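Chain by chain, the residues:
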Amino acid sequence: MSDAASELRTGRAAFERRDWRATYTRLSSADRQDPLPGADLELLATAAYLLGEDDASTGWWERAVHEWTRTGRPVRSARCAFWLSFGLLMRGEHARGGGWLGKAQRLLDTAGVDCAERGYLLVPQGLRRIDDGDGTAARDIFRTVTDVGIRFADPDLTTLGVLGTGHSLVLLGHVAEAVSAFDEAMVGVTSDNVSPVVAGIVYCAVIEQCQNICDLRRSREWTVALEEWCSSQPGLVPYRGQCLVHRAEILQLQGEWPTAMDSARRAHERLASQPAAGSAAYVMADLHRLRGEVAQAEKLFLEANRLGRRPQPGLALLRMTQGRVGSAAASIRCALDEATGAVERARLLPACVEILLASGDVPAARSAADELDATATRFAIPYLCALAAQASGSMLHAEGRGSDALTVLRDAWRRWQEIGAPYECARVRESVALVCRDLGDDDTAEMEHDLASATYRQLGALPDLERLRAEFRPGPADSAPLTPREVCVLRLVAAGKSNRAVATELFLSEKTIARHLSNIFVKLGISSRSAATAYAYEHHLVGPAT
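This structure is a prediction, so every number in the text was calculated from the model and none was measured.

Calculation rules
Residues numbered from 1 in each chain as written. Predicted model: local features only at pLDDT ≥ 70, side-chain atom pairs only at ≥ 80, totals over all residues. Heavy atoms only, no water. Helix = DSSP H or I, 4+ residues; strand = E, 2+ residues; numbered from the N terminus. Buried < 20%, exposed > 50% of the residue type's maximum accessible area, 1.4 Å probe, protein only. Contact = heavy atoms within 4.5 Å. Lys, Arg positive; Asp, Glu negative; His and termini not counted. Charge placed at Lys NZ, Arg CZ, Asp CG, Glu CD. Polar contact = N/O pair within 3.5 Å; in protein donor to acceptor, adjacent residues only side chain to side chain. Expected span 1.5 Å × (residues − 1). Phe/Tyr/Trp six-rings, centres within 6.5 Å; stacked < 30°, edge-to-face > 60°. Arc of directions from axis to C-beta. 1 Å grid on protein atoms, 1.4 Å probe; cavity = no way out; pocket = protein on both sides within 12 Å on 5 of 7 lines; lining within 4 Å. Points joined across faces, edges and corners; volume = space filled by probe spheres on them. Nonpolar A, V, L, I, M, F, W, Y, C, P; charged D, E, K, R; others polar. Salt bridge = Lys/Arg side-chain N within 4 Å of Asp/Glu carboxyl O. Patch = residues over 30% accessible without salt bridge, like charges linked within 9 Å, V, L, I, M, F, W, Y side chains within 5 Å. Areas by Shrake-Rupley, 256 points an atom, 1.4 Å probe, with all protein chains shown as cover. pLDDT = per-residue confidence, 0-100. Axes fitted to C-alpha atoms, helices over the stretch in contact; angles between N-to-C directions. Parallel < 35°, antiparallel > 145°, perpendicular 65-115°, else oblique. Core = buried A, V, L, I, M, F, W, Y, C linked by side-chain atoms within 4.5 Å. Disulfide = S-S within 2.5 Å.

**Topic: the overall build of the chain**
Link 1 in the chain: Within the chain, the secondary structure is distributed over 30 helices and zero strands.
Link 2 in the chain: Its C-alpha atoms give the chain principal-axis dimensions of roughly 85 × 60 × 35 Å.
Link 3 in the chain: The buried share of the chain, reckoned over its 546 residues, is 53%.
Link 4 in the chain: Intrachain contacts of the chain at a sequence separation of at least 6 include 59% that bridge at least 24 residues.
Link 5 in the chain: The distance from the centre of the 62 positive side-chain charges to the centre of the 70 negative ones in the chain is 4 Å.

**Some thoughts on the side chain of Ser168**
Link 1 in the chain: The topology assignment puts Ser168 in helix α10 (residues 155-172).
Link 2 in the chain: Within the structure, the side chain of Ser168 is placed 2.8 Å from the backbone oxygen of Gly164, a separation counted as a polar contact.
Link 3 in the chain: Those residues in contact with Ser168 that sit more than four places away from it in its chain are Ile130, Gly135, Ala138, Arg139 and Phe142.

**Observations concerning the environment of Leu300**
Link 1 in the chain: Relative to the helices and strands, Leu300 is located in helix α17 (residues 294-306).
Link 2 in the chain: Between the alpha carbons of Leu300 and His288 there is a distance of 9.0 Å; along the sequence they are twelve residues apart.

**Some words on helix α3 (residues 38-50)**
Link 1 in the chain: In a regular helix each residue adds 1.5 Å, so 13 residues correspond to 18 Å; α3 covers 19 Å between its end C-alpha atoms and thus fits that length.
Link 2 in the chain: Burial of α3 is extensive: twelve of the 13 residues sit out of reach of the surface.
Link 3 in the chain: Gly38, Asp40, Leu41, Glu42, Leu43, Leu44, Ala45, Thr46, Ala47, Ala48, Tyr49 and Leu50 are the residues of α3 that are buried.
Link 4 in the chain: Where α3 is buried, its residues touch α1 (4-16), α2 (20-33), α4 (54-70), α5 (74-90) and α12 (196-212).
Link 5 in the chain: In the stretch just after α3, Gly52 is the one whose phi turns positive, near 85°.

**Brief notes about the packing of aromatic side chains**
Link 1 in the chain: Counting across every chain of the model gives eleven aromatic pairs.
Link 2 in the chain: Ring geometry for Phe82 against Tyr120: centres 5.2 Å apart, planes inclined by 55°, an arrangement best described as tilted. Remark: Tyr120 occurs in helix α7 (residues 116-120) and Phe82 occurs in helix α5; sequence separation between them is 38 residues.
Link 3 in the chain: Relative accessible area serves as the criterion here: at 1%, Phe82 is assigned to the buried category.
Link 4 in the chain: Taking the centre distance of 6.0 Å and the plane angle of 50° together, the rings of Tyr423 and Tyr456 count as tilted. With Tyr423 in helix α24 (residues 422-438) and Tyr456 in helix α25 (residues 442-459), this pair connects stretches of sequence that are 33 residues apart.

**What about helix α6 (residues 94-111)?**
Link 1 in the chain: Taking 1.5 Å of rise per residue, 18 residues should cover 26 Å, and α6 covers 26 Å from first to last C-alpha, within 8% of that figure.
Link 2 in the chain: When α6 is considered as a whole, its buried residues turn out to be Gly97, Trp100, Leu101, Ala104, Leu107 and Leu108. For α6, the arc enclosing every buried residue in end-on projection is 115°, short of the 170-degree limit, so these residues lie on one face. Exposed and facing more than 90 degrees away from the buried side of α6 are Ala95, Arg106 and Thr110.
Link 3 in the chain: Looking at the buried residues of α6, the elements they touch are α4, α5, α7 and α8 (122-131).
Link 4 in the chain: Trailing α6 by a residue or two, Gly112 shows a phi angle of about 65°, which is positive.

**Some thoughts on empty space enclosed by the protein**
Link 1 in the chain: Summed over the entire model, instances satisfying the criterion amount to one cavity of 30 Å³ or more.
Link 2 in the chain: Here the largest cavity is characterised by a volume of approximately 110 Å³.
Link 3 in the chain: Along its surface, the largest cavity is lined by Thr46, Tyr49, Ser57, Thr58, Trp61, Trp83, Leu84, Phe86, Gly87, Leu88, Arg91 and Val197.
Link 4 in the chain: Among the elements that take part in the lining of the largest cavity, α5 stands out by supplying five residues, more than any other.
Link 5 in the chain: Taken together, the residues of the lining of the largest cavity break down into seven nonpolar, four polar and one charged.

**Thoughts on the pattern of salt bridges**
A side chain of one charge can pair with a side chain of the opposite charge if their charged atoms are brought near each other.
Link 1 in the chain: What the rule picks out here adds up to 42 salt bridges.
Link 2 in the chain: Across the salt bridge formed by Asp19 and Arg17, the nearest N and O atoms sit 4.0 Å from each other.
Link 3 in the chain: In this structure, the salt-bridge partner of Arg139 is Asp140, at a minimum N-O distance of 3.7 Å.
Link 4 in the chain: Residue Arg139 is classed as buried on the basis of its relative accessible area of 19%.
Link 5 in the chain: Looking at Asp140, the relative accessible area reads 39%, which means it is partly exposed.

**Focus: the side chain of Arg429**
Link 1 in the chain: Secondary-structure assignment places Arg429 in helix α24.
Link 2 in the chain: By relative accessible area, which is 18% here, Arg429 ends up buried.
Link 3 in the chain: In this view, Arg429 contacts Trp413, Glu448, Leu451 and Ala452; residues no more than four positions away in its chain are not counted.

**Some points on unusual backbone geometry**
Link 1 in the chain: At the junction of Gln312 and Pro313, the peptide bond is cis and its omega measures out at 10° in the coordinates.
Link 2 in the chain: Relative to the elements of secondary structure, Pro313 occurs in the loop between α17 and α18 (314-321).
Link 3 in the chain: Of note in the backbone geometry, Asp192 takes a positive phi value of approximately 60° without being a glycine.
Link 4 in the chain: By relative accessible area, which is 49% here, Asp192 ends up partly exposed.

**Concerning a negative patch on the surface**
Link 1 in the chain: A contiguous patch of negative charge on the surface is contributed by Asp441, Asp442, Asp443, Glu446 and Asp450.
Link 2 in the chain: With respect to the secondary-structure elements, Asp443 resides in helix α25.

**Let's talk about the confidence of the model for the chain**
Link 1 in the chain: Mean pLDDT over the chain: 89, with 96% of residues reaching 70 or higher.
Link 2 in the chain: In the predicted structure, residues 474-479 sits below a pLDDT of 50 and forms three contacts with residues beyond four places in sequence or in another chain.

**Regarding the packing of helix α27 (residues 484-494) against helix α29 (residues 510-524)**
Link 1 in the chain: Where α27 meets α29, the axes come as close as 10 Å, and the angle between the chain directions of the two elements is 95°. Considering the angle they form, α27 stands roughly perpendicular to α29. The residues of α29 that touch α27, namely those facing Arg485, Glu486, Val489, Leu490 and Val493, are Ile513, His516, Leu517, Asn519, Ile520 and Lys523.

**Considering the nonpolar core**
Link 1 in the chain: Of all hydrophobic cores here, the largest spans 129 residues; its most connected members are Trp83, Tyr383, Leu384 and Trp416.
Link 2 in the chain: Apart from residues no more than four positions distant in its own chain, Trp83 is found in contact with Trp61, Tyr120, Leu160, Val197, Val198 and Ile201.
Link 3 in the chain: The next biggest cluster of nonpolar side chains, apart from the first, holds 39 residues, and it includes Ala264, Met284, Tyr456 and Leu468.

**Examining the state of the cysteines**
Among covalent bonds in proteins, the disulfide is the one between the sulfur atoms of two cysteines.
Link 1 in the chain: Evaluated as defined, the whole model comprises zero disulfides.
Link 2 in the chain: Left unpaired, Cys80 is separated from the closest cysteine sulfur, that of Cys115, by 13 Å.

Shown next, in the form of structure tokens:
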């Protein structure tokens, strides 16, 4: 075994190159042979945190606090106590976290010096004001944090101050100023001026806030950057469960539903019973809803609600799909009554418009569409503008203004296309098809219908396919361009059977089944088993194989 000095050198070098597993292994080994000084205990605590070893990280921070206190360095000890308390508070351990925060304050009082650490102790105060909904007090606290960080040339503290200021501005409804603050906070991250722990905090917080204000362009941009940042550091736990939830939301918007489901499921497992697990459960529930998997959607919407994430608008849309329009309308109205803030209401208003139109309450739907349009105009966020245009187009159609509806719906489609949202594009195409049909333009209606249908089939959006079939009453299923054997294979695949199981049932080789499936994909213009399943349901091919 290498001696302690060698292990120590190797561990420090690993920290410099951000190899967190090697850092942890080497420094732990060195500590077993000869107890580490405070600075190296800090490195160990940081590496443990970045590896997702939260309990171990807490233990190392505790030792660092005691070691710096023992050697007469109260200010350094207070900084370690802050990071210890911060980690505990972020995990919901408020009693322990508050205790260590109090210890940090006592250490600074004993030291009696003006230092950056006093700014760090303001951060939890600012976060409490945000939790209380007091945006003005939070903004003032975080601006002080920023000033202290600048005065002591501490980039970590400065960045946390700017980040908190942005969060406070969102709370106050100053979205444009908030976005500028978030971009400023990210400058420290992308220029590699802040520590890895603060970089991770900023990435996740900025992505979350961009999601909250529906700035999906920035959210997507920073999510890609976060993935690159994570992949560059061996052993780093993807940062952390909450970011996986936001990644799932972005993937869902992009039409990558299987990958979105996987990301949400991993976030759900990692977050366990934490409140953010409710957001992961909601994403999974909504994906099940879109695929027509009602039982799974019901179960996960209920779990999301149990964990503190309100299940709207997804649950109301599920009820509408089930034909329970009255229940859906009551649910979405209640959700709107409880919503606080223009952006939160804007997330509910598109579903409100759709459900109220389905219930025949055109005046109330118009009121909801107008509110959504006003919010989109106020914040000028592309995602909200696309939602508003889509809702306005639907309203104009319902009011009998077909030509005006077409103009607005074409604009909505363009906006969704720029965002990169295939499902929403298909929904708009479906609306365009309905308007064109009503205007007597059957050729355009058929083209738009076929394009919407192809997207729904590709995504596996079974309820939408069924609704489209009911709206347009397409021709008989036996016009499908498949041979009898291909239809037989498709039926078995749609029943959930693997290639091996299909081969066994049809007394064919797996290679032959794979070739049949490839031919089916080419003929139908699809690329996945879920899309093939959707096609089978749409054309009533699911049933006993022949």
